[in-house]
Structure formats: structure tokens, C-alpha cells
Amino acid sequence: GGSLARLGRRTPNLPRLRWPRRLGVISFDAGSTSPYEAAVSTYSWTHTCTGPNRGLLVGVSLFGAGTVSNVTYAGAGLTFVRADANGVYRTEVWRLANPATGANTVEVTLSASLTSIAEAASYNGVDQTNPVEANAGANGSGGAPSGSVTPLTAAAWVAQAISTADTTVAPVAPATRRAVNSGALGSGGFSDRGPVNPAASTTLTWEDVGAL
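Residues numbered from 1 in each chain as written. Predicted model: local features only at pLDDT ≥ 70, side-chain atom pairs only at ≥ 80, totals over all residues. Heavy atoms only, no water.

Novice: Whenever I open this one, the confidence of the model for the chain confuses me. Can you help?
Specialist: Per-residue pLDDT for the chain has a mean of 89; in total, 87% of the residues score no lower than 70. Taken together, the stretch residues 1-9 has pLDDT below 50 and engages in 25 contacts with residues farther than four places along the chain or on a different chain. A low-confidence stretch, residues 16-22 stays under pLDDT 50, and its non-local contacts, those more than four residues away or across chains, total 36 contacts. (pLDDT = per-residue confidence, 0-100. Contact = heavy atoms within 4.5 Å.)

Novice: Help me understand the pairing of strand β7 (residues 79-86) in this model?
Specialist: On any regular strand, side chains alternate: one points to one face of the sheet, the next to the other face. One ladder, built from seven bridges, connects β7 with strand β8 (residues 89-97); its direction is antiparallel. When the sheet's bridge partners are listed, Ala85 is paired in β8 with Arg90. The turn joining β7 and β8, which pair antiparallel and follow one another in sequence, is formed by two residues; a positive phi near 65° is taken by Gly87. (Pairing = 2+ DSSP bridges. Helix = DSSP H or I, 4+ residues; strand = E, 2+ residues; numbered from the N terminus.)

Novice: Which parts of the structure should I look at to understand unusual backbone geometry?
Specialist: Ala173 connects to Pro174 through a cis peptide bond whose omega is 15°. With an omega dihedral of -5°, the bond running from Gly194 to Pro195 counts as a cis peptide bond. With respect to the helices and strands, Pro195 occurs in strand β15 (residues 186-196). Phi at Ala155 is positive, roughly 65°, even though this residue is not glycine. Relative to the elements of secondary structure, Ala155 occurs in the loop between β12 (146-149) and β13 (156-164). With a relative accessible area of 11%, Ala155 lands in the buried category. (Buried < 20%, exposed > 50% of the residue type's maximum accessible area, 1.4 Å probe, protein only.)

What follows is the structure in C-alpha cells.
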């Protein structure tokens, strides 16, 4: 764990939220984060969704060898989008169209007893059939973590989840921080940028993770 922290390993994930014109403009609703969860297989926290044509993204930052088995919101199962890993540091992104309104429980179940942080972000104006239209990921060690994805339609939003062995993490403008939490083994974070207009390759970057 200590050597990984010094290396500043990081694995960002970038799901892109789809915005069909018939739904209007995507807007950010709310962000939340779990506590830093040390050596548990299941944990939960509360996230509140409001507004029309809702979409929910959950990023899970893992600091140990394992994967996410399941994510639910108000009892509804989320759909896996992608995962990227660098050694035992792993980022997963999950999504849910039309999440329930109000304050509800996000529950994350892991494949083993692991240390982890999870972040949630909800949006309005999201396509209810295909809320995540494109995704990409990257991993590496040190420097300023970044990743790029190309929207398929104009006025899309790009959202990014990250796990890093650094105990501090912050997005670089024009990305907006939505949820960040840290603990002894590293940090998890979630940021976004939108609308992206016209559709073009979009890069989200985080501040230097302080490697050797």
C-alpha cells in the first residue's frame, strides 16, 4: 500500500452522458460520496435524485485486488459501464436510467473484503433508453491524470471517475468537482464537464498526483 501511494497510481474512467435534443439540455442534479470504507464487502450511503429524465452514475474506487459485484439505488440494480485497473487500484463506473426520486440508498457490493470509496452523480435531461452513449478509460503512474472520450452528439456531458493512491485529488478546470473522498490508501473522485458543443474529443484532467 505504501509503495503504491508513493507511485501515485491512478485509473480514470470517462463515461459520456447522451443528450438527445427531444429531452432538452442536460443539467447536473446532485453529487455524493460514500465514506472511506476499509476492508468491507458491502457498504452504502444516501444520494438524492430530483428532476425530469434522470440519470445516475456511480464510480467505485477500489484499493485492493477485487471487483464490484453489484450496485443498487433504492433497490434497483445499476448496469456496469466499464472498469480500468493499474495493479490493485481499480475504477469501475455503473449507470442507472430513471432512478427513483428523493433520498435513497446507494449500496455497493464487492467481490471480497476490500478498501474502497464510491461516488454518485445524478443528472436531468438524460436519454432514458441509452444514458451512456460512449466511454473510455486510461491508467498510469504519476503526473496529471487525464483521459479523453469523443461525444457522438452535440451538447453532451462528459463525466469522469478516478481512483488514485494519492491521498488528495482535485479536477482541473473546466471540469467541475462533484464528489471526492480520501483515506489511508488513496482517493476516489468524480468530475464532469458539459455541455460539449460541438461534439469533439474531450479531455478531463486531474491535478498532479504527486508521484516520485
